[in-house]
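Coordinate analysis (summary)
The lines below spell out each chain.
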Amino acid sequence: MSNCTIIMEFFLMEYSSIRELQVLHAVLFLLIYIAALMGNLLTVTAIVTDPHLHSPMYFFLSNLSLLDIGYISVTLPKFIVNSLTGNQSISLLGCAAQIFFAIFFAATEIALLVAMSYDRFVAICHPLHYGVIMTPFRCLWVAISSWLSGLLYSALHTGNMFRLPFSGSNMIHQFFCDIPHVLKVSSSEVRDTEYILLATSSTLVLFCFGFLVISYTYIFSTVFKMPSEEGRYKALSTCSPQLIIFLLFILSGMVTFLSPLSDTSPIRNLLTSMTYAILPPFMNPIIYSLRNMKIKLALARIIKTIFFPKKYMSIFETIKK
C-alpha cells in the first residue's frame, strides 16, 4: 500500500523573498484595489441616485459594476494580506471559494455583456419598439437569469475540480487559485472531465461572441446610415464602451489561457494573471466615464456634493450649461 498524503492546503507563489518588495507589492495592489472599488461604487451610486440614468442600459451597467467589485475582491485582498504577512498558504476551502467566485463573476459578466449588446441593438436598430421590448420586468428577468446561469456554471466547474482529493504537489505557481494551475496538481480523472467542460464552455463563449459580432454589425451599419453627425456620435457613445469592455474581457482571458504555464517565472505569472483578474474591473469604470456624457455628469454631481461646498453650486451649474 503506497503512502498518499491528502492535501488540505495550498501554498501560493511568493513573488519576492525581499521584505521591502513584498510590502511594495501590497501597497501597489492596495491602491489598484481601492481605485477599482471607488470607480465601480461611484458608477453604481450615480446610476441609482440619478433619475436620468434609470433606463435598461444603465441598469445592466450597474449590475456589471457590482460584478467587477466582486470579481476583483475574490483574489486581490488575499494577495495583499499574504504580501504583508509573508504567509503564502491558503486552505483547500479557501482555494475552492476563490475558484467558485471567480468563475461565477466571470461567467455572469459574459452573459450580462451579451444582454447589454442586445439592449443596444434594439435601441439603435429598432428604436420605436424599444419601450415594448425592453420592459422593466424583462430587464430584471434577464439580469436574474445572468446571475443564476453564472452560479450554475461555476458550481459545475468547482464541484468537478474538488470532487476528488488532491494528492500531488500543493504548490500553486500563481498569486491566487486559478483553473490552469489547480488542474495541474489535480488527478488525471478530474483533468479529463474539466477539459470536456472547458471545451463545451468554449463553444458557448464562441456562440456569445458570434451573437455580439452580429449585433454590433447591425448596430454600426445602422449608425453609419444616420444623416446627422450628432446622432451618430450619440449612438456610438452608448454602444462603443460595451464593445470595448467585452473585447478587453475576452482578449485578457485568451492571453491567460493560451499562455504556457510557468513554474519558474513568478513575474510572468503575475503579469498574465493581472491581465484578466485585475485589468477589466479596474478599466471598466474608466472606459464608461470617458465615453458616456450622462455618466460623466452624474459622477461630477456626486463628486461636487461630497467634496465641494454649497457656495460653488452655482458655478458648477454654469459650467455644466
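Residues numbered from 1 in each chain as written. Predicted model: local features only at pLDDT ≥ 70, side-chain atom pairs only at ≥ 80, totals over all residues. Heavy atoms only, no water.

1. A look at the overall build of the protein chain
Per the secondary structure count, the protein chain includes 12 helices and three strands. Here the protein chain holds 321 residues, and 46% of them are scored as buried. Look at the contacts in the protein chain between residues 6 or more apart in sequence, and 78% of them connect residues 24 or more apart. In the form shown here, the protein chain has an accessible surface area of approximately 16800 Å², with 73% of it arising from carbon and sulfur atoms. (Helix = DSSP H or I, 4+ residues; strand = E, 2+ residues; numbered from the N terminus. Buried < 20%, exposed > 50% of the residue type's maximum accessible area, 1.4 Å probe, protein only. Contact = heavy atoms within 4.5 Å. Areas by Shrake-Rupley, 256 points an atom, 1.4 Å probe, with all protein chains shown as cover.)

2. Here's the deal with the pattern of salt bridges
Between side chains of opposite charge, a pair can form as their charged atoms come close. A full pass over the atoms with the stated rule returns three salt bridges. For aspartate 50, the salt bridge is made with arginine 301, and the minimal N-O distance between the two is 2.8 Å. Here aspartate 50 is found in the loop between helix 1 (19-49) and helix 2 (56-85), whereas its partner arginine 301 is found in helix 11 (residues 293-307), with 251 residues between them in sequence. For aspartate 50, a relative accessible area of 8% translates into the label buried. In this structure, aspartate 119 engages arginine 120 in a salt bridge whose closest nitrogen and oxygen atoms are separated by 3.0 Å. Like arginine 120, aspartate 119 is buried. (Salt bridge = Lys/Arg side-chain N within 4 Å of Asp/Glu carboxyl O.)

3. Overview of helix 7 (residues 188-224)
Over its 37 residues, helix 7 extends 52 Å from the first C-alpha to the last, a length consistent with the 54 Å expected when each residue adds 1.5 Å. Those residues of helix 7 not exposed but buried are Val190, Glu194, Leu197, Ser201, Cys208, Leu212, Ser215, Tyr216, Ile219 and Val223. (Expected span 1.5 Å × (residues − 1).)

4. A closer look at the state of the cysteines
Summed over all chains, the structure comprises one disulfide. Each sulfur of the disulfide joining cysteine 95 and cysteine 177 lies 2.2 Å from the other. Because the sign of the S-S torsion sets the handedness, a value of about -125 degrees for the bond joining cysteine 95 and cysteine 177 places this disulfide among the left-handed ones. In this pair, cysteine 95 sits in helix 3 (residues 92-125) while cysteine 177 sits in the loop between strand 3 (171-172) and helix 6 (179-184), placing the two residues 82 residues apart along the sequence. The same class applies to cysteine 95 as to cysteine 177, namely buried. (Disulfide = S-S within 2.5 Å.)

5. Digging into the nonpolar core
Counting 64 residues, the largest nonpolar core has Leu61, Leu76, Ile219 and Ile278 as its most contacted members. For this core, the element with the most residues is helix 3, which contributes 14 residues. Residues contacting leucine 61, with those up to four places away along its chain left out, are Thr43, Ile47, Met116, Tyr288 and Ile295. With 16 residues, the next largest nonpolar core counts Phe10, Leu12, Cys177 and Val182 among its residues. (Core = buried A, V, L, I, M, F, W, Y, C linked by side-chain atoms within 4.5 Å.)

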